[in-house]
Amino acid sequence: MATKIHVDLDDQFCEIFSQAGGTNLTCNCGREHISMIQMEDWEFYDDEQSLEMLQASYVEMAALDDNLILDYDNHGFSMIEVAGFYFVDGCECEGWRPYMDFLFEERKYIAQFLLAANGEVKKLQSQADLMDMIAKEYDLEK
Ligand SMILES: [Zn+2]
């Protein structure tokens, strides 16, 4: 019996598909992720009392809003961009997972497709190069 191999690609996928980040990001699912510890770094809130009031107001808002996620562990979040959607890395929706699973499960066909696409691009490029060579040879305007 063949051993089923489980590959955990979450970290690699998120790193490769993360193009931006922030301390306050809204995921495609609607959840807004707020870094609570990052607020301590904001210069504006160097006054301890203002910071505590701000954090307390977020705690109050989060109690009334299930989509407001307060994070006490991270100074910021990565934004995973895939197929035109933006997902916050670590969001419980894991909205990127179907894309990652598709890419992984179909990797053999995707590799074949990319090779074919690369071949088409090379063919078109060499045709364009040939046209440029001919135009140059006969001093034609393009
Ligand atoms: Zn989400």
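The structure displayed is predicted, hence computed values, not measured ones. (Residues numbered from 1 in each chain as written. Predicted model: local features only at pLDDT ≥ 70, side-chain atom pairs only at ≥ 80, totals over all residues.)

**Student:** Which residues make up the sheet that holds strand 3 (residues 32-35), and what are the values?
**Tutor:** As summarised here, the arrangement of the 3 strands in space is 2-3-4, forming an open sheet in which the pairing is mixed. At either margin of the open sheet sits one strand with a lone partner, and together these are strand 2 (24-26) and strand 4 (68-71). Ignoring strand direction, the axes of neighbouring strands in this sheet form an average angle of 20 degrees. Relative to strand 3, strand 2 is paired through 3 bridges, and the arrangement is antiparallel. Its bridge partner being in strand 3, Thr26 is matched across the sheet by Glu32. Helix 2 (residues 48-64) contacts strand 3 and strand 4 of the sheet and is inclined by roughly 140 degrees relative to strand 4. (Pairing = 2+ DSSP bridges. Helix = DSSP H or I, 4+ residues; strand = E, 2+ residues; numbered from the N terminus. Axes fitted to C-alpha atoms, helices over the stretch in contact; angles between N-to-C directions. Contact = placed C-beta atoms within 7 Å.)

**Student:** Any chance you could break down the domain arrangement of the chain for me, citing the residues and the numbers?
**Tutor:** Taken domain by domain, the chain consists of domain 1 (10-93) and domain 2 (106-142). Here domain 1 and domain 2 have C-alpha centroids that lie 44 Å from each other. (Domains from an automatic or database assignment.)

**Student:** Outline the sheet that holds strand 5 (residues 77-82), listing residues and values.
**Tutor:** Hydrogen bonds between backbone groups are what pair the strands of a sheet, and the pairing can be parallel or antiparallel. With antiparallel pairing, the 3 strands of this open sheet are ordered in space as 1-5-6. The outermost strands of the open sheet, each flanked by one partner alone, are strand 1 (18-22) and strand 6 (85-88). Averaged over all pairs of adjacent strands, the angle between strand axes in this sheet comes to 30 degrees, irrespective of strand direction. Strand direction decides the pairing type here: strand 1 and strand 5, joined by 4 bridges, are antiparallel. Among the inter-strand pairings, Ser18 is bridged to a residue of strand 5, identified as Ile80. Where helix 1 (residues 10-17) meets the sheet, it contacts strand 1 and strand 5, and its direction lies at approximately 80 degrees from that of strand 5.

**Student:** Provide a residue-level description of helix 2, including the pertinent values.
**Tutor:** Between its first and last C-alpha atoms helix 2 spans 25 Å; for 17 residues at 1.5 Å apiece the expected length is 24 Å, and the two agree. When you tally the buried positions in helix 2, you get 0 out of 17 residues, a small fraction of the element. (Expected span 1.5 Å × (residues − 1). Buried ≥ 20, exposed ≤ 12 C-beta atoms within 10 Å, placed from the backbone.)

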